[in-house]
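# Coordinate inspection notes
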Amino acid sequence: MNEILIGMPHLGQIDPECQVAMFNMTLHLMNRGIKCDPRYAEGTYLSTQRNNLSWKALMAGQDLFFIDSDMIFGPGEADLLLDSGKDIIGGLYYARREPYFPLAFRVMDQNEKPKPTKFRDILKKEDNYFVGLKEHQIPQNQVFSHPNGLAVGTGFLYIKNEVLADMWSDKNVVKWGRPFNMWQLKNGDELKEDLAFCLRAHKQGHEVFCHSGVNLIHLGRQKITQNTHRDHIGRSEYFYS
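Note that the structure is predicted; figures quoted are calculated from it, not measured.

### Description of the confidence of the model for the chain
- Averaged over all residues, the pLDDT of the chain is 89; the fraction at 70 or higher stands at 90%.
- Note that pLDDT drops below 50 for residues 119-123; the model gives that stretch seven contacts with residues more than four away or on any other chain.

Written out as structure tokens, the structure is:
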């Protein structure tokens, strides 16, 4: 296994629990004999920070492990991704806002029509637009992908160096942009850097995987887990059914 650059892009202060988790994970991987290079990137635009960290990993011949500054995890959770043998794989975690949905998405079928949003009455058809997976559509405690193409959040994401090399190649950067640039949609909206990366990977022939058995906590006004999502859905069904 290559040396791993553990990259944490952040906008400012990093949660102390996340700092401890990253430190413990680094020690755990080093005890496994894996060389680790922890890097932090502070700035205003996460897309720029992720591009910079991924370029550093590529130039150093390192694999890349992204950790967001609002994630808490045990030191051994990284093993589930590293030992999967997948080129791109993320751990499943849940959004910080209601209904605390799972951050796993599939590429929309070509015959599907995007639902209107509160911002526009009609969305123009966009090829490879992502749709969120419901919890019952996600295999439990295992590695999974989707036949259409999968996208995951970048909060706990492992990418092999050979993927970075392909996505940073001149021909792909000219055609698709830098790996973590945001993606402009035909409806005037944009995909943020996490989904945009997965979309580029899909278009360039790289399959994205997710491991639903990774135990991750997403920090918001409360600590977000799978049970937070289930509790919200259960209360909503009780009060509004």
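Okay, back to it.
### Here we look at the environment of Asp109
- Tracing the backbone through its elements, the reader meets Asp109 in the loop between strand S6 (104-107) and strand S7 (130-132).
- Taking the relative accessible area as the measure of exposure, Asp109 reaches 31% and is therefore partly exposed.
- Counting along the chain gives 40 residues from Asp109 to Gly149, while the straight-line C-alpha distance between them is 10.0 Å.
- Among the polar contacts made by the side chain of Asp109, one reaches the side chain of Asn148 at a distance of 2.4 Å.

### What to know about the sheet that holds S6
- Taken in spatial order, the three strands line up as S7-S6-S9 in an open sheet, and their pairing is antiparallel. The strands lining the two open edges of the sheet, one partner per strand, are S7 and strand S9 (150-152). Direction aside, neighbouring strands of the sheet carry axes that sit 35 degrees apart on average.
- Sheet strands in contact with helix H6 (residues 193-203) are S6, S7 and S9, and its direction is about 150 degrees off that of S9.

### Overview of the pattern of salt bridges
- Under the counting rule described, the total for this entry stands at nine salt bridges.
- With a closest N to O distance of 2.9 Å, Arg32 and Asp83 form a salt bridge. With Arg32 in the loop between helix H1 (16-31) and strand S2 (36-42) and Asp83 in the loop between helix H3 (77-82) and strand S5 (88-91), this residue pair connects regions lying 51 residues apart in the sequence.
- Relative accessible area serves as the criterion here: at 36%, Arg32 is assigned to the partly exposed category.
- Glu135 is the partner of Arg230 in a salt bridge, and the nearest nitrogen-oxygen pair spans 2.7 Å. One end of the pair, Arg230, is in helix H7 (residues 226-240); the other, Glu135, is in the loop between S7 and strand S8 (143-144), with 95 residues separating them in the sequence.

### Let's talk about the pairing of strand S1 (residues 4-10)
- Counting buried positions over the seven residues of S1 gives seven, a clear majority of the element.
- Burial of S1 is two-sided: the residues Ile4, Ile6, Met8 and His10 facing one way and the residues Leu5, Gly7 and Pro9 facing the other way are all buried.
- Bridging between S1 and S2 involves seven bridges; their strand directions are parallel. Across the sheet, residue Leu5 finds its bridge partner in S2, namely Asp37.
- Where the polypeptide runs from S1 across H1 and back to S2, its parallel neighbour, the crossover connection is right-handed.
- The pairing of S1 with strand S3 (residues 63-67) spans four bridges and is parallel. Across the sheet, the residue bridging to Gly7 is Phe66, located in S3.

### Some details on the nonpolar core
- Within the largest apolar cluster, 69 residues are counted, with the highest numbers of intra-cluster contacts made by Ile6, Met25, Phe65, Ile67, Phe130, Phe156 and Ile159.
- Looking at this core element by element, the count peaks at six residues for H6.
- Look past the residues within four positions of Met25 in its chain and what remains in contact with it is Ile6, Phe65, Ile67, Phe73, Pro75, Ala78 and Phe156.

### Some remarks on the packing of aromatic side chains
- Overall, the coordinates contain seven aromatic pairs when judged by the stated rule.
- Centroid distance Trp55 to Trp168: 5.0 Å. Interplanar angle 65 degrees. Geometry classified as edge-to-face. Separated by 113 residues along the polypeptide, Trp55 in helix H2 (residues 46-59) and Trp168 in the loop between helix H4 (161-167) and helix H5 (170-176) bring together distant segments of the chain.
- Looking at Trp55, the relative accessible area reads 38%, which means it is partly exposed.
- Note on Phe65 and Phe156: the rings are 4.9 Å apart at their centroids and 75 degrees apart in plane angle, and the pair reads as edge-to-face. Of this pair, Phe65 sits in strand S3 while Phe156 is found in strand S10 (residues 156-159), placing the two residues 91 residues apart along the sequence.
- With relative accessibility at 0%, the residue Phe156 sits in the buried group.
- Ring-pair connections join several aromatic residues into one group, and the members of that group are Phe65, Phe73, Phe156 and Tyr158.
- Here the guanidinium or amino end of Arg50 rests over the ring plane of Phe66, the centre of that ring lying 4.9 Å away.

### A word on the side chain of His10
- Looking at the element boundaries, His10 is found in strand S1.
- The contact partners of His10, leaving out residues within four places of it in the chain, are Tyr40, Ala41, Glu42, Gly43, Leu46, Gln49 and Ser69.

What counts, and where the lines are drawn
- Residues numbered from 1 in each chain as written.
- Predicted model: local features only at pLDDT ≥ 70, side-chain atom pairs only at ≥ 80, totals over all residues.
- Heavy atoms only, no water.
- pLDDT = per-residue confidence, 0-100.
- Contact = heavy atoms within 4.5 Å.
- Helix = DSSP H or I, 4+ residues; strand = E, 2+ residues; numbered from the N terminus.
- Buried < 20%, exposed > 50% of the residue type's maximum accessible area, 1.4 Å probe, protein only.
- Polar contact = N/O pair within 3.5 Å; in protein donor to acceptor, adjacent residues only side chain to side chain.
- Pairing = 2+ DSSP bridges.
- Axes fitted to C-alpha atoms, helices over the stretch in contact; angles between N-to-C directions.
- Salt bridge = Lys/Arg side-chain N within 4 Å of Asp/Glu carboxyl O.
- Right-handed = clockwise from strand over helix to strand, strands pointing away.
- Core = buried A, V, L, I, M, F, W, Y, C linked by side-chain atoms within 4.5 Å.
- Phe/Tyr/Trp six-rings, centres within 6.5 Å; stacked < 30°, edge-to-face > 60°.
- Lys NZ or Arg CZ within 6 Å of the ring centre and 35° of its normal.

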